[in-house]
Amino acid sequence: MTAMQTDAAGNTGSASRATSKESTAAVVTVVVAPRVNSGNQASYGGVSGACSASGGAVTVAIGSVNSTAACNAGTWVTSGVDVRSLPEGTVVVKASQTVAGTVISGSLNTVKDTTAPAVSISTAPTIDTSNQNAYSPSGTCTTGDGLVTVSVGVIKVTVACVNGTWTAPGMQVGALPKGSVTVTASQTDDAGNTGSSTREVNKTSDPSGELPTTLIAAQSGTWIISDELNGEPGRGMGIDIQDGVLFMQVYNYRQSGAPTFHTALGTLHDNTVTAPLYFYEGGRFFGSEQRDGHEAGSPGNVVITFTSRSRGTIQFPGEPVKAMQRYDYEGTPAGVFSDPAFVDRWAMVEFNSNNQPVRSWWADIGSSEQVAMSEALTTAAITWPYPPTAATTVHGFGGTLSGHVLAQCSYGGSGLVFNCAGNRAGGAGSGGTVALTLQRGVDQLSGTVREGGDEARRLVGFRVARAAYTRQNNQNVRTSYYAPGYAPESGTWVVSSELRGLPGRGISIELQKPTNAEDHMLFMSVYNYESDGQATFHSLLGAHDASTTPEPNTPDLPTVQYQGGRYFGGPAAVARFKADAGLTKSIHFSAPSVGTVAFPGEQPVQIERFYYGVNKGSAQSLRGSWVLLSASTAIPSRIFRFQTRDANSVIDTASGYVCVAEVLRQYNFRCTGPAGAPAFRFVAGFYGASTGIVGDAEDAPVITVVRVTDTNGEMVQAGD
């Protein structure tokens, strides 16, 4: 650009400056600004919009709270912004960017509403033969805050809130079991705040009719198509189900033979989900800078149906329906409950007829010889009733269980189901008969427990530790030990710093101990990209023994690619080796949901379990039932039923314990009780057993913590 001036004598002066011309006008907009509620205000995210690729960072003002976001490929997004200081009401979200020296901006209004609807149950009579076919609880609600969901046991209806009241007319509840029944009413407003009320009622009539279809809590982890399990490289699926929503990563191949991956996300209905598959490009490759991928197309829908926790069917585009199963490479023979070289410690939880936790305890399960030498039994000073040759035995103790359960098990003949019979020694119910059914699935089990003539209760269990013993010089000697938290939670993981709400790299993790191998074996699938932007995957398989006795064996592992495997709609094919990207190093798990890894050409980074069903940064994610199991006198075992106390905390009203989101080392929640009660911390494992400590010290007593039901009382762990 040049400016010139000529005077009367004809002299000319000029000045010039270079600039640039853009083919399109620069623009900054705010496209999405979710409402602020009690659950997201401490870590507000999902705000996004458009920006100018030639500009720098985008300044985002959420009311009076400022943050910045990178402009990537014409879009920006923010996450993790603390907006608790903002007042209730209208919030202006403004994005601005300096482009060619000019500040341009755009804005969008949203609302901050952190007040949950007020809901109560006014009438919930005893259920008997006179009303079980037309049961009508009623109560109050908040007008204008949406529908009311009413649950009577596992039976749900949705009703309107009219003039501040609700009534659930004519519910068919005859199929519910006799005994205590939980009635719950909940209401969620437009901002996402949920208010609820619960009441226990009694059902005096015997069950009649059939209950609605129960949602199967399928196991998270690696799944395979059954007829493709041939010991050769092929394709597989990393499957997660969190609060009824399925997320799947498929490692497979293109028609050219190149490795790739696809994802699917959908909600389960009657244990079936139909969802589009997507493929991506442009994301990060090993050793590259931060790159966000983007959706590049879809080959069609996938249809998945679960028939049990570890089996189901799948139909990919262009293929018939095929059986699939959880990938269990432990290789435990039929008729054997678990690796006979170990005694495994399980965290067990019992449920009543309304699927609410009522009791928890430890169980040492293994061969009679191994269980009899376990430390817990030794300190209990109980005469062991079974010979060393007994294949599978159970010693239940501790927690909220009175006395000890001693039982011997035999294989039921199919389905990995074992039937156990024994009795209770010491404490209340001493001498009473105990019958259990146990069905193991990798690191979880489900089944039932019945004492005497009582009704059978649902039982779930989580493997948390394991040990092996031998007899030397007339003493029991522990030759190997894996402490609680030694095993990472199976399922989808992500690099913590790459969790940005945009497509990127993902990881599926499994840790199992093949019965014919000396070490535990880690299987990791890494869904990432080539340097040209094409989606690919790498596989790691090797020893990962995080034992404390003897010394751990956690070597660096080769990071391998395969090619030539089966593509959607293609014929059967066996993949073959393509390349080794180098060693993945520094593989370590500090908790079941937190770890460290260094991919080839990269520095060590934190990885974490990907929880898309809950906001793990908010204390509100703890709403529901949790079990704390303690193996020491530092804190008693107990069941917590957390509900909202305020925007930043939850409370268990029975014990007075209050929990907040507070990070210390790997632990992200802290809970304090009434005066004199011990405080504890834990790292939330929302879909498996996790670990915690009593107090803050590095060597503090360890506890096990398990989430068992969500805020609506639905089971989130094992069980069909």
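Values in this document were obtained by computation on a predicted structure and should not be read as measured data.

Undergrad: A description of the state of the cysteines should follow, citing residues and the corresponding values.
TA: Within this structure, the stated rule accounts for four disulfides. Here Cys-141 engages in a disulfide with Cys-161; their sulfurs sit 2.2 Å apart. Residues Cys-141 and Cys-161 are joined by a disulfide whose S-S torsion is about 100°; by sign, that bridge is right-handed. Of this pair, Cys-141 sits in the loop between strand E10 (138-140) and strand E11 (148-152) while Cys-161 sits in the loop between strand E12 (155-159) and strand E13 (165-167), placing them 20 residues apart in sequence. Here the two residues Cys-141 and Cys-161 agree in accessibility, since each one is buried. Through a disulfide, Cys-409 is tied to Cys-420; the S-S separation comes to 2.1 Å. On the sign convention where negative is left-handed, the bridge of Cys-409 and Cys-420, at about 105° about the S-S bond, is right-handed. Of the two residues, Cys-409 is situated in strand E27 (residues 404-411) and Cys-420 in strand E28 (residues 417-425); the sequence distance between them amounts to 11 residues. Comparing Cys-409 with Cys-420, the two get one shared label, buried. Sequential numbering of the bridged cysteines in the protein chain gives the disulfide pattern 1-2, 3-4, 5-6, 7-8.

Undergrad: Break down the pairing of strand E41 (residues 624-630) for me, with residues and values.
TA: With seven of seven residues buried, E41 lies mostly within the body of the structure. Pairing of E41 with strand E42 (residues 638-646), which is carried by five bridges, proceeds in the antiparallel orientation. Paired with Leu-628 across the two strands is Arg-638, which belongs to E42.

Undergrad: Outline the sheet that holds E12, listing residues and values.
TA: With respect to topology, four strands assemble into an open sheet ordered E12-E11-E14-E15, the strand pairing being antiparallel. The open sheet is flanked by E12 and strand E15 (194-203), the only strands paired with a single partner. Direction aside, the axes of adjacent strands within the sheet are offset by 15° on average. Where E11 and strand E14 (residues 179-188) come together, five bridges link them in antiparallel fashion. Within the sheet, the bridge partner assigned to Val-150 lies in E14 and is Ala-185.

Undergrad: Requested: an account of the sheet that holds strand E4 (residues 58-62), with residues and values cited.
TA: Reading across from one edge, E5-E4-E7-E8 is the order of the four strands in this open sheet, with antiparallel pairing throughout. Each edge of the open sheet is held by one strand with a lone partner, namely strand E5 (65-69) and strand E8 (102-112). Neighbouring strand axes in the sheet, compared pairwise and without regard to direction, differ in orientation by 20° on average. Relative to E5, E4 runs antiparallel, the two being bridged by five bridges. Residue Val-58 lies in a different strand from E5, and its bridge partner there is Ala-69.

Undergrad: So what's going on with empty space enclosed by the protein? Residues and values would help.
TA: Over the atoms, a rolled probe matching the size of one water molecule traces out where space is still vacant. Inspection of the entire model under this criterion finds four cavities of 30 Å³ or more. By volume, the largest cavity amounts to about 100 Å³. As for the largest cavity, its lining consists of 14 residues, of which Asp-443, Arg-463, Tyr-486, Ala-487 and Leu-511 are closest to the centre. Elements that contribute at least two residues to the lining of the largest cavity include exactly strand E31 (457-472) and strand E34 (506-512).

Undergrad: I'd like a description of unusual backbone geometry, backed by residues and values.
TA: The linkage connecting Thr-549 with the following residue, Pro-550, adopts the cis geometry, with an omega of -10°. Relative to the helices and strands, Pro-550 resides in the loop between strand E36 (535-543) and strand E37 (557-563). A positive phi angle, close to 55°, is found at Ala-100, a residue other than glycine. Here Ala-100 lies in the loop between strand E7 (89-99) and E8. Of note in this structure, Asn-474 is not a glycine but carries a positive phi near 65°.

Undergrad: Account for the pairing of strand E26 (residues 392-397), naming residues and giving values.
TA: Of all six residues that make up E26, six are buried, and the element is covered over most of its length. Residues Thr-392, Val-394 and Gly-396 line one face of E26 and the alternating positions Thr-393, His-395 and Phe-397 line the opposite face, and both faces are buried. Relative to E26, strand E25 (residues 357-366) runs antiparallel, the two sharing five bridges. For Asp-364, the partnering residue across the bridge sits in E26 and is His-395. Across five bridges, E26 lies against E27 in antiparallel orientation. Paired with Gly-396 across the bridge in E27 is Val-405. In textbook terms, the turn of a hairpin is the stretch between consecutive antiparallel strands, and for E26 and E27 this stretch comprises six residues, one of which, Gly-398, has a positive phi near 70°.

Undergrad: Account for the pattern of salt bridges, naming residues and giving values.
TA: Within the structure shown, the criterion is met by 32 salt bridges. The residue Arg-681 makes a salt bridge to Glu-662 at a minimum N-O spacing of 2.7 Å. Placement of the pair is Arg-681 in strand E46 (residues 680-682) and Glu-662 in strand E44 (residues 657-664), with a sequence separation of 19 residues. Classification of Arg-681 by relative accessible area gives buried; the value is 5%. Bridged by salt links that share partners, the residues Glu-228, Arg-235, Glu-319, Lys-322 and Arg-566 form one connected network.

Parameters and conventions
Residues numbered from 1 in each chain as written. Predicted model: local features only at pLDDT ≥ 70, side-chain atom pairs only at ≥ 80, totals over all residues. Heavy atoms only, no water. Disulfide = S-S within 2.5 Å. Helix = DSSP H or I, 4+ residues; strand = E, 2+ residues; numbered from the N terminus. Buried < 20%, exposed > 50% of the residue type's maximum accessible area, 1.4 Å probe, protein only. Pairing = 2+ DSSP bridges. Axes fitted to C-alpha atoms, helices over the stretch in contact; angles between N-to-C directions. 1 Å grid on protein atoms, 1.4 Å probe; cavity = no way out; pocket = protein on both sides within 12 Å on 5 of 7 lines; lining within 4 Å. Points joined across faces, edges and corners; volume = space filled by probe spheres on them. Salt bridge = Lys/Arg side-chain N within 4 Å of Asp/Glu carboxyl O.

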